[in-house]
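Read off the chains here:
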Amino acid sequence: MRWHILAGERVDLWATTEEQKHWIPLAEAALRGVEAKAGWPVAGRVTLRIYPSVGSYRDATGESGNVAASTRGTVIRAQPALEETTLRHEMWHVVLEAHAPQQLPDWFREGLAITMSGTAPGSTERTVARDRVRQLVARYGEKNVLSWAGGQRAP
């Protein structure tokens, strides 16, 4: 597999074809939107790696074919059928991982990314996480819930 690396202002796109370059402005906009909503900037560059097939994605990431994309630090790894909502969800993970304390539970991270991006949960476990975060937002407000994800204590 031969990668083409295309650079945007803050996002580097790794793709096996240059026809994927339309993802750069979409990723840049998603990053800016998430940073603005969360109130936290991401230092450095974000990498969006779009694999040419589900098989190559599975082989490279260890994820199942049912996982459309995954994020490690500032690297988003995606299947070829990437959707904008999935990209926005993964950008939430980039921003969360840049600021969340290590002990922040996985269910909270995932539930917050689903809630804030408006993506479908996709599984019972993720639905439960989303619903728990929605309940917290309803009770304490979005700003407070986001502050907890950024390392501030809950009331």
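A. Just the pairing of strand β5 (residues 75–78), in detail. Bridge count for strand β3 (residues 46–50) against β5 is four bridges, and the pairing is parallel. Paired with Thr47 across the two strands is Val75, which belongs to β5. Note that strand β4 (residues 69–72) and β5 share four bridges and pair antiparallel. Bridge pairing in β5 places Ser70 opposite Arg77. Hairpin remark: β4 followed by β5, antiparallel, with two residues in the connecting loop; positive phi at Gly73, about 65°.

B. Broad picture of the sheet that holds β4. Read from one edge to the other, the open sheet built from five strands follows the order β1-β2-β3-β5-β4, with strand pairing classed as mixed. Of all strands in the sheet, those with a lone pairing partner are β1 (4–7) and β4, marking the two edges. On average, adjacent strands in this sheet sit at an angle of 20° to one another, irrespective of strand direction. Those strands touched by helix α1 (residues 23–38) are β1, β2 (11–15) and β3, and its axis lies near 140° from that of β2.

C. Examining the packing of helix α3 (residues 84–99) against helix α4 (residues 106–117) more closely. At a minimum axis distance of 9 Å, the contact between α3 and α4 shows a crossing angle of 130°. Taken together, the axes of α3 and α4 lie oblique to each other. Seen from above, α3 lies across α4 with right-handed handedness. Here Arg88, His89, Trp92, His93, Leu96 and Glu97 of α3 come into contact with α4, specifically with Arg109, Glu110, Leu112, Ala113, Ile114, Met116 and Ser117. In terms of residue class, the contact of α3 with α4 is made up of six nonpolar, three polar and four charged.

Cut-offs and rules
- Every chain's residues receive numbers from 1 upward, in the order its sequence appears when written.
- In keeping with the model being predicted, local features are shown solely for residues with a pLDDT of at least 70 and side-chain atom pairs are shown and tallied solely at 80 or more, while totals for entire chains, interfaces and linings include all residues.
- Heavy atoms throughout the structure, all of them, feed into the side-chain values; hydrogens and water do not.
- A pair of strands is considered paired only if DSSP assigns at least 2 bridges between the two.
- Think of it this way: any DSSP run of H or I at least four residues long counts as a helix, any run of E at least two long counts as a strand, and we number them from the N terminus.
- Helix axes are fitted to C-alpha atoms over the stretch in contact, other axes to C-alpha atoms as well, and angles between N-to-C directions run from 0 to 180 degrees.
- Here, two residues are considered to be in contact whenever any of their heavy atoms come within 4.5 Å of each other.
- What sets the label is the angle itself: under 35 degrees gives roughly parallel, over 145 gives roughly antiparallel, 65 to 115 gives roughly perpendicular, and the rest give oblique.
- Crossings are sorted by hand: turned counterclockwise from the far helix by less than a right angle, the near helix makes the crossing left-handed, and turned clockwise it makes it right-handed.
- Amino acids outside the nonpolar list (Ala, Val, Leu, Ile, Met, Phe, Trp, Tyr, Cys, Pro) and the charged list (Asp, Glu, Lys, Arg) are all regarded as polar, and Gly is one of them.

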